[in-house]
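# Descriptive analysis of the structure
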Amino acid sequence: MFKKKECIAMILAGGQGSRLYALTSRLAKPAVSFGGKYRIIDFTLSNCVNSGIDTVGVLTQYQPLLLNDYIGNGLPWDLDRTFGGVKILPPYQGRGSADWYSGTANAIWQNRDFIARYSPDYLLVLSGDHIYKMNYAKMLAYHRRSGADCTIAVIDVPLEEASRFGIMSTDGDGRIVKFSEKPKVPESTLASMGIYIFNTRMLLDSLAADERDPSSSNDFGKNIIPSMLSQGKKLFAYRFDGYWKDVGTVKSLWEANMDMLGEDPPLRLNDDSWRIYSRHEAAAPQYIGKTASVSNSSVTEGCEIYGEVINSVLGSGVTVEAGASVRDSVIMSRAVIRAGATVDRAIVDDGAVIGARATVGRRNAPDGDIAVIGAGVKVVDDEAVEPGAMMYSD
């Protein structure tokens, strides 16, 4: 018998992340490494526990093995609870059939029995593949005060980027009067952050109706939210003015890593009042050799640096040999940069090896042309990898 919870979270973590190409060829986007010692999903899980939400369902689908192993019993995030905690929710064999999640709304519908265990008044539904720090408790308080059926977290985006998002218009009280999913001609710059709070009973009724519609895509942005608006439900926008990044492209993932750097970075991760927790392996302290030169960089434990590292983010156990140069780049765990190699404006994935005197990327490359070396790839000695190139592990 389960006790009642006021609010539980459902994290949609099954995305393929196809625009990250080589970085997600063997794992889901929420499991992609970030910031040297984290994975993308760490931010959502940490936000939940920091906000006092201790019951979290993680809905997985695409390449779930690493993500499942990484989350485990939830101990690093203080979510290893007997009552509540974190639970992995993959698609499962139902009576008479086995169905993949056909959309974000269908994923929640298939897990209605999990939701029913806790009888929550409110359901927090959110994506697990964005980088941000947010107090969901404040959003929930706003939801209750406004008397909303649904509250959507929004952020103001540049007009030229608005067509990538669900865009909404509001009245003077913050009530949503129009919602358009990725409009070609946006009427507003208020973009959905993919974070929703619903009154649980109302949402389940809406999901049931959506399941009965054979023409539906079973998607929150395309179907559920527009349907609620057309029925006159009370939808409100919750404005967020902190750091938030959709890291669904190679360029945006690289930019978010770069946003960690500097004396006053846009993304500050050394804030003890809002810690980002992660599961990481024990490693020796970093070692900076006599021949090394390191500036404006984040260097994680276990690294051995003998060459030059400038304005870069290095994951655990990275080796940069003497005479090698790493600049404006993201080097993930256990990668090796051999002597004389140059890595510039690039992302080098876990365990890749850049051969001696090889060059990856270029400092004066056109904006957005980030070279990507997939996990475990070995770039041979003296090879040149052009800006924007994509090298897969297979």
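The structure reproduced in this document is the subject of the present report.

What counts and what doesn't
Residues numbered from 1 in each chain as written. Predicted model: local features only at pLDDT ≥ 70, side-chain atom pairs only at ≥ 80, totals over all residues. Heavy atoms only, no water. Buried < 20%, exposed > 50% of the residue type's maximum accessible area, 1.4 Å probe, protein only. Helix = DSSP H or I, 4+ residues; strand = E, 2+ residues; numbered from the N terminus. Contact = heavy atoms within 4.5 Å. Core = buried A, V, L, I, M, F, W, Y, C linked by side-chain atoms within 4.5 Å. Pairing = 2+ DSSP bridges. Salt bridge = Lys/Arg side-chain N within 4 Å of Asp/Glu carboxyl O. Disulfide = S-S within 2.5 Å.

### Here we look at helix α8 (residues 250-258)
The element α8 is largely enclosed, with a buried count of seven among its nine residues. For α8, the full list of buried residues reads Val250, Ser252, Leu253, Trp254, Ala256, Asn257 and Met258.

### So, the side chain of Asp328
Among the structural elements, Asp328 can be located in the loop between β23 (325-327) and β24 (330-331). Excluding its chain neighbours within four sequence positions, the residues that come into contact with Asp328 are Trp254, Met258, Ile310, Asn311, Ser312, Asp344, Arg345 and Ala346.

### Here's the deal with helix α1 (residues 41-50)
Of all 10 residues making up α1, nine are buried, and the element is well covered by its neighbours. By the burial criterion, the buried members of α1 are Ile41, Asp42, Phe43, Thr44, Leu45, Ser46, Asn47, Cys48 and Val49. Directly after α1, the chain includes Gly52, whose backbone phi takes a positive value near 85°.

### Some details on the nonpolar core
Judged by nonpolar contacts, the single largest core of 42 residues is most densely connected at Leu45, Met134 and Ile195. With near-sequence residues (within four places) excluded, Met134 lies in contact with Asn47, Ser51, Met139, Ala153, Met193, Ile195, Tyr238, Phe240 and Trp274.

### Some words on the sheet that holds strand β16 (residues 287-288)
If you trace the six strands from one edge of the open sheet to the other, you get β16-β19-β22-β25-β28-β31, paired in parallel fashion. Sheet topology places β16 and β31 (378-379) at the edges, where each strand pairs with a single neighbour. When β16 meets strand β19 (residues 304-305), the two strands line up parallel, connected through two bridges. Across the sheet, Ile288 pairs through a bridge with Ile305, a residue of β19.

### As for the pattern of salt bridges
In total, this model carries 19 salt bridges according to the counting rule given. Between Lys5 and Asp54 there is a salt bridge, and its shortest N-O distance comes to 2.9 Å. Here Asp54 lies in the loop between α1 and β4 (55-59) and Lys5 lies in the segment before β1 (7-12), a separation of 49 residues in the sequence. For Glu161, the salt bridge goes to Arg164, with nearest N and O atoms at 3.8 Å. On the accessibility criterion, Arg164 (34% relative accessible area) is partly exposed.

### Describing the state of the cysteines
As used here, a disulfide is simply a covalent bond connecting the sulfur atoms of two cysteines. In total, this model carries zero disulfides according to the counting rule given. Free of any disulfide, Cys7 has its nearest cysteine sulfur in Cys48, 8.6 Å distant. Unpaired in terms of disulfides, Cys150 finds its nearest cysteine sulfur in Cys7, a separation of 12 Å. Cys150 gets classed as buried once you look at its relative accessible area, which sits at 0%.

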